[in-house]
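Summary of the model geometry
Spelled out from the first residue to the last, the chains are:
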Amino acid sequence: MESSQQSYRKLFKATSIFGGVQLYNIVIGIIKSKVVAILIGPAGMGIMGLLQSAIAMIESITNLGLEISAVRSVSEAYVAEDNRELSSINTVLRRWVWITGLMGLLFTIVFSKSISELTFGNSDYQLSFVFLSLILLFQALNSGNIAILQGTRKIKFLAKASIVGYTLGFLVSVPLLFVFEVSGIVPVLILTSFCSFLTSSFFSKKINVTKTAITIRETFIRGRHMIILGIMLSLSSLTMLGVAYIIRIYLQRKAGIAEVGLFTAGFAIVNTYVGMVFTAISKDYYPQLAAISGDREKSIELIERQGIITILVLAPIIAAFLTYIPIIVNILLSKEFVDVIPYMHWAILGILVKGFSWPLGYVILARGDSRVLFMKELIINLFFLGSSIFLYNRMGIEGLGVSFLLMYILNIAIVISITRIRYSISYTRKYLVIFLQLSICCFLSFIFAKYCRISINYFLGTVILLLTVSLSIIQMNNVMDVKHIIKGIEQKLKNNSRI
């Protein structure tokens, strides 16, 4: 029987691995953005952004959410050690990603002229979209590989695939844009997608899954549940993308393109850099929870442990970002983006609130309760849209941050109600106590950052940050014995030095 401390260590190890991957990708992304901006300029960046947005929207429609929905089926078969079932799921999934990939490819080719006119206001980019249709196929096949890797919990393979794919994409992009400038944008986007597919294929082939003969009829019957859940996930994603799109259009018409730029930049920092914890943790947490979703007691234990790990990692990051927002904005963006800081204060606090509901919210997805999941996402996104427009008219861009916070407060109420009434699952006292301790520290950081002079904020905020880090380390030591982990690392280093 696995001890509690061992469970925490495994969760923390997975979080550390994917957190490191996210951090690496972010650093490469920052470098890439700076280099690309120099090589193709603002106009080129605008073209690239519009092409990427259009393809992302098409992908969300045609991929049927298989990358997420298939993980549930794969993880259940993997944990049950049912190799025959795992093989069948693998075959069904591989066929379906080809179907969805070709659907996306053909859709883009057939409607390339309309997509160009909708995106750019003319048909000048029709041929570009014809070529970019390949991305829909590569992304679909890549999603199949990722689902297998994630469902079988091949953490190291997933991490390596992400790092190698991202690095290759970077190495391909710079020379092409240096030589061809704006004309190289389409080849860069295609080759970057191909690099991700190539690396995920390489690592997914390392998994020993035998091939199984399945008829076309069985492919559709066995894949039906994945598709139903996936469609609901796609609709949820489309709702979120649609709301974000409407808000940007509203800002453009109300205040101009510069205001859209401020919102986009602030939103990217909050969700990419502060919110990277969620991306890192979900890679291992979701397949684990999906595999034991039918066992209420085990689910509660895993939710408690993952919730504690999440807040222990997230709280210091939030405290640091809140304290040093002016410096961070200047480094990642420029002094021209200083007006986005009021928005970021509230939005980063919203990430803390998101962290509270996030581990529990995955129960709905793990249970495959697709309609409930879709309705939840629809409600909170419509609320976000209405509150964003209302508060922007009264508070400016700061109101969008307040709206972001309120959305996740509403999300807490909905998630807790659903999981308690529908599944009889709720948070434990242990998790609530730890979250309360660290959230108080984060709230103090918010108060100092928002209402104190910058010099006072830096002093008091740094004190609170040190306190937050100390509390996180103390709690981490309580649940997983940090000294034991350090001794293990030291022993490995000694063994390596002898070799």
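Going by the structure above, here's the rest.
Numbering of residues starts from 1 in every chain and runs along the sequence as written. Side-chain atom pairs in this predicted model are given and counted only at pLDDT of 80 or more, local residue features only at pLDDT of at least 70, and totals for whole chains, interfaces and linings cover all residues. Think of the side-chain values as coming from all heavy atoms in the structure, minus any hydrogens and water.

**Notes on the packing of aromatic side chains**
The rule is short: rings of Phe, Tyr and Trp, with Trp giving its six-membered ring, pair when the centres are within 6.5 Å, and they are stacked under 30 degrees, edge-to-face over 60, tilted in between. Throughout the structure, instances matching the rule amount to 18 aromatic pairs. Aromatic pair F202 and F203: ring centres 5.1 Å apart, planes at 85°, arrangement edge-to-face. By relative accessible area, which is 9% here, F203 ends up buried. What links up through ring pairs into an aromatic cluster is the set F356, Y427, Y431 and F435. With a 1.4 Å probe rolled over the protein chains alone, any residue whose accessible area is under 20% of its type maximum counts as buried; one over 50% counts as exposed, and the rest are partly exposed.

**Some remarks on the packing of helix α6 (residues 155-180) against helix α7 (residues 185-204)**
The axes are straight lines fitted to the C-alpha atoms, using for helices just the contacting stretch, and the angles between their N-to-C directions are given from 0 to 180°. Runs of H or I in DSSP of at least four residues are treated as helices and runs of E of at least two as strands, each being numbered from the N terminus. Closest axis-to-axis distance for the α6/α7 pair is 8 Å, and the angle between their directions is 155°. Between α6 and α7, the interaxial angle falls into the category roughly antiparallel. Seen along the crossing, α6 lies across α7 with a hand that is right-handed. Here F157, K160, A161, V164, G165, L168, G169, V172, S173, L176 and L177 of α6 come into contact with α7, specifically with I185, P187, V188, L191, T192, C195, S196, T199, S200 and F203. In terms of residue class, the contact of α6 with α7 is built from 13 nonpolar, seven polar and one charged. Roughly parallel means an angle under 35 degrees; roughly antiparallel means over 145; roughly perpendicular covers 65 to 115; every other angle is labelled oblique. With the far helix as reference, a near helix turned anticlockwise by less than a right angle produces a left-handed crossing, and one turned clockwise produces a right-handed crossing. It only takes one pair of heavy atoms within 4.5 Å for two residues to be counted as in contact. Each residue receives one of three labels: charged for Asp, Glu, Lys and Arg, nonpolar for Ala, Val, Leu, Ile, Met, Phe, Trp, Tyr, Cys and Pro, and polar for the others, Gly being one of them.

**Examining the state of the cysteines**
Defined by distance alone, a disulfide is two cysteine sulfur atoms within 2.5 Å. As enumerated under the stated definition, the model contains zero disulfides in all. Here C442 is not cross-linked by a disulfide; its sulfur's nearest cysteine counterpart is in C441, at 6.8 Å. The exposure class assigned to C442 is buried, which follows from its relative accessible area of 0%.

**Things to note about the environment of F178**
With respect to the secondary-structure elements, F178 resides in helix α6. According to the relative accessible area criterion, F178 is exposed, its value standing at 61%. Between the C-alpha atom of F178 and that of L39, which follows or precedes it by 139 residues, the distance is 6.1 Å.

**Brief notes about the pattern of salt bridges**
Salt-bridge detection follows one rule: a side-chain nitrogen of Lys or Arg within 4 Å of a carboxyl oxygen of Asp or Glu. Enumeration over the complete set of coordinates arrives at five salt bridges. Residue E297 is joined to R296 by a salt bridge in which the shortest nitrogen-to-oxygen separation is 2.6 Å. Of the residues examined, E297 reaches a relative accessible area of 48% and is grouped as partly exposed. Take R296: its relative accessible area is 37%, and that puts it in the partly exposed class. Between E398 and K450 there is a salt bridge, with the nearest N and O atoms lying 2.3 Å from each other.

**Let's talk about unusual backbone geometry**
Look at S424: it is not a glycine, yet its phi comes out positive at around 55°. Here S424 is to be found in the loop between α16 (397-423) and α17 (429-451). Judged by its relative accessible area of 42%, S424 is partly exposed.

**So, the nonpolar core**
Counting 132 residues, the largest nonpolar core has L51, L132 and M344 as the members making the most contacts within it. The leading source of residues in this core is helix α14 (residues 341-366), at 18 residues. Residues within four places of L132 in sequence aside, it is in contact with L51, I55, V186, L189 and I190. Put simply, buried Ala, Val, Leu, Ile, Met, Phe, Trp, Tyr and Cys residues joined by side-chain atoms within 4.5 Å make one nonpolar core.

**Considering a nonpolar patch on the surface**
To count toward a patch, a residue needs a relative accessible area over 30% and no salt bridge; like charges are then connected within 9 Å, while nonpolar side chains (Val, Leu, Ile, Met, Phe, Trp, Tyr) are connected within 5 Å. Computed with the Shrake-Rupley method and a 1.4 Å probe, the accessible areas treat only the protein chains shown as cover for residues. A cluster of nonpolar side chains, L23, V27 and I31, forms an exposed patch at the surface whose accessible area comes to about 240 Å². Residue position: L23 is located in helix α1 (residues 4-62). Taking the relative accessible area as the measure of exposure, L23 reaches 45% and is therefore partly exposed.

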